[in-house]
Amino acid sequence: MSEAVNANPSPYSGAAKDIEAADNRKDIWIFGYGSLVWKADFPFVEKRTGYIKGFLRRFFQNSIDHRGTEERPGRVVTLIHSEDPESKVWGMGYRIGANDKLQVLQHLDHREKNGYERHSVNFYPYPWSTEQLNEPQSILLYVATQDNPSFAGHNDTLEQIAEQILTSVGQSGRNPEYVYRLAEAMRQLYPGEQDEHLFELEKLLLKRDPQAAGQRKPDPAIEGDGNRSELSKEG
């Protein structure tokens, strides 16, 4: 079984504080694997599609603000270690200009205050581009620690997680919408790439959610297409 991400820090390529304390004239990169995939609420110079390795994306973090409340928590994603060091989590990398980085980090620290900590890993841009970064890059991301009060662990089944999500609403909206938008972003940006945890959870919600009539149903033909979309090129 996979371990919680902070149980073994070895996959991290460097300390996040080193990047923050680096030359203020240098830009930094931020990796989004949840809502930041489709919406960045901070200034950035460039965004780039790609992945990190050695992790799995899981709905193992309770949300008591953005997608739920203290009385009825929602669920959002965090990362856990994978037994496969080549396992990929696809997301979006954002290059933050040197002049904006302290402000952006303060904003994200506040946004992710419900149990998340900053870490540094390697980011692998994909697909190859003649106009954008192609080499692996050190990047910051936010990961929920397993000892934070909102960490829900990995003992719940997908059915139990779906039931919790189905009735949860927070200041950012209905919890199911978070799942639908993340799944749709993954299909559009990375057609052919499979995230079984995310896609199976989406299917469970679509079957049970009375407000999901207008939601896009998963298309096996599209999910099985190995060709990259135009969206991935412009990332």
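Under an unreviewed UniProt entry, the name given to the chain is glutathione-specific gamma-glutamylcyclotransferase, and the organism recorded is Anopheles maculatus. UniProt's Function (unreviewed entry) comment on the chain is quoted here verbatim: "Catalyzes the cleavage of glutathione into 5-oxo-L-proline and a Cys-Gly dipeptide. Acts specifically on glutathione, but not on other gamma-glutamyl peptides." The chain has a UniProt comment under Sequence similarities (unreviewed entry) that states "Belongs to the gamma-glutamylcyclotransferase family. ChaC subfamily."

Colleague: It is not clear to me how the packing of aromatic side chains should be interpreted in this structure. Could you clarify?
Modeller: The geometry of two aromatic rings is summed up by the distance between their centres and the angle between their planes. Evaluated as defined, the whole model comprises 12 aromatic pairs. Measuring from centroid to centroid gives 5.8 Å for Trp-90 and Tyr-126, while their planes differ by 75 degrees, and the two rings are edge-to-face. Taken together, the positions of Trp-90 in strand β5 (residues 88-96) and Tyr-126 in the loop between β6 (116-125) and β7 (137-144) put the pair 36 residues apart, joining distant regions of the chain. Through a chain of ring-to-ring contacts, the aromatic side chains of Tyr-51, Trp-90, Tyr-124, Tyr-126 and Tyr-190 assemble into a single cluster. It is Lys-53 that lies over the ring of Tyr-124; its NZ or CZ is 4.6 Å from the centre. The cationic tip of Lys-88 hangs over the ring face of Tyr-51; the distance from NZ or CZ to the ring centre is 5.2 Å.

Colleague: Would you take a moment to explain the packing of helix α4 (residues 175-189) against helix α5 (residues 196-208) for this structure?
Modeller: When two helices pack together, you describe them by how their axes are tilted relative to each other and by the distance separating the axes. Look at α4 against α5: their axes get within 10 Å of each other, and the N-to-C directions meet at 130 degrees. The pairing of α4 with α5 is recorded here as oblique in orientation. In this structure, α4 meets α5 at a crossing whose hand is left-handed. Residues Pro-176, Val-179, Tyr-180, Leu-182, Ala-183, Met-186 and Arg-187 of α4 pack against Leu-198, Phe-199, Leu-201, Glu-202, Leu-205 and Leu-206 of α5. A class-by-class count of the residues in the contact of α4 with α5 yields 11 nonpolar, no polar and 2 charged.

Colleague: For this particular structure, what's the right way to read helix α2 (residues 101-111)?
Modeller: The periodicity of an α-helix, 3.6 residues per turn, causes residues three or four places apart in sequence to face the same way. Of all the residues in α2, the buried ones are Lys-101, Val-104, Leu-105, Leu-108 and Arg-111. Summarising the axial view, the buried residues of α2 lie within an arc of 125 degrees, below the 170-degree limit, and thus occupy one face. Exposed and facing more than 90 degrees away from the buried side of α2 are Gln-103, Gln-106 and His-110.

Colleague: Looking at this model, I keep getting lost on the pairing of strand β2 (residues 46-53). Mind explaining?
Modeller: In regular strands, side chains alternate between the two faces of the sheet. Counted residue by residue, β2 has 6 buried out of 8 residues, so it is predominantly covered. In the sheet, β2 pairs with β5 via 8 bridges, with the strands oriented antiparallel. Bridging from a neighbouring strand, Lys-53 pairs with Lys-88 of β5. Two elements, β2 and β6, share 2 bridges in a ladder whose sense is antiparallel. Residue Gly-50 lies in a different strand from β6, and its bridge partner there is Pro-125.

Colleague: Hey, could you run me through the side chain of Arg-48 in this one?
Modeller: By the element assignment, Arg-48 lies in strand β2. Although Arg-48 lies buried, it forms no salt bridge, and the closest oppositely charged side chain, Glu-46, sits 5.0 Å away as judged by the N-O distance. Here Pro-127 takes part through its backbone oxygen, which lies 2.6 Å from a polar atom of the side chain of Arg-48.

Colleague: Please explain unusual backbone geometry as it appears in this structure.
Modeller: Outside of glycine, negative phi angles account for most residues, and trans bonds account for most peptide bonds. Put simply, Tyr-126 and Pro-127 share a cis peptide bond, and its omega is 0 degrees. Looking at the secondary structure, you find Pro-127 in the loop between β6 and β7.

Colleague: Is there a simple way to explain the environment of Tyr-124 in this structure?
Modeller: Inspection of the secondary structure puts Tyr-124 in strand β6. The exposure class of Tyr-124 is partly exposed, given its relative accessible area of 21%. Residues Tyr-124 and Glu-135 lie 11 residues apart in sequence; the distance between their C-alpha atoms is 6.9 Å. The residues contacting Tyr-124, other than those within four sequence positions of it, are Gly-50, Tyr-51, Ile-52, Lys-53 and Pro-136.

Colleague: What is the right way to read the side chain of Asp-209 from this model?
Modeller: Inspection of the secondary structure puts Asp-209 in the loop between α5 and α6 (220-223). Judged by its relative accessible area of 7%, Asp-209 falls in the buried class. A polar side-chain atom of Asp-209 sits 2.8 Å from a polar atom in the side chain of Arg-174. Within the structure, Asp-209 has its side chain in polar contact with the backbone nitrogen of Gln-211 (distance 3.0 Å). Setting aside residues no more than four positions away along its own chain, Asp-209 makes contact with Leu-166, Arg-174, Pro-176 and Tyr-180.

The rules behind these values
Residues numbered from 1 in each chain as written. Predicted model: local features only at pLDDT ≥ 70, side-chain atom pairs only at ≥ 80, totals over all residues. Heavy atoms only, no water. UniProt positions renumbered as here; feature names shortened; annotations may be inferred. Phe/Tyr/Trp six-rings, centres within 6.5 Å; stacked < 30°, edge-to-face > 60°. Helix = DSSP H or I, 4+ residues; strand = E, 2+ residues; numbered from the N terminus. Lys NZ or Arg CZ within 6 Å of the ring centre and 35° of its normal. Axes fitted to C-alpha atoms, helices over the stretch in contact; angles between N-to-C directions. Parallel < 35°, antiparallel > 145°, perpendicular 65-115°, else oblique. Left-handed = near helix turned anticlockwise from the far one by under 90°. Contact = heavy atoms within 4.5 Å. Nonpolar A, V, L, I, M, F, W, Y, C, P; charged D, E, K, R; others polar. Buried < 20%, exposed > 50% of the residue type's maximum accessible area, 1.4 Å probe, protein only. Arc of directions from axis to C-beta. Pairing = 2+ DSSP bridges. Lys, Arg positive; Asp, Glu negative; His and termini not counted. Salt bridge = Lys/Arg side-chain N within 4 Å of Asp/Glu carboxyl O. Polar contact = N/O pair within 3.5 Å; in protein donor to acceptor, adjacent residues only side chain to side chain.

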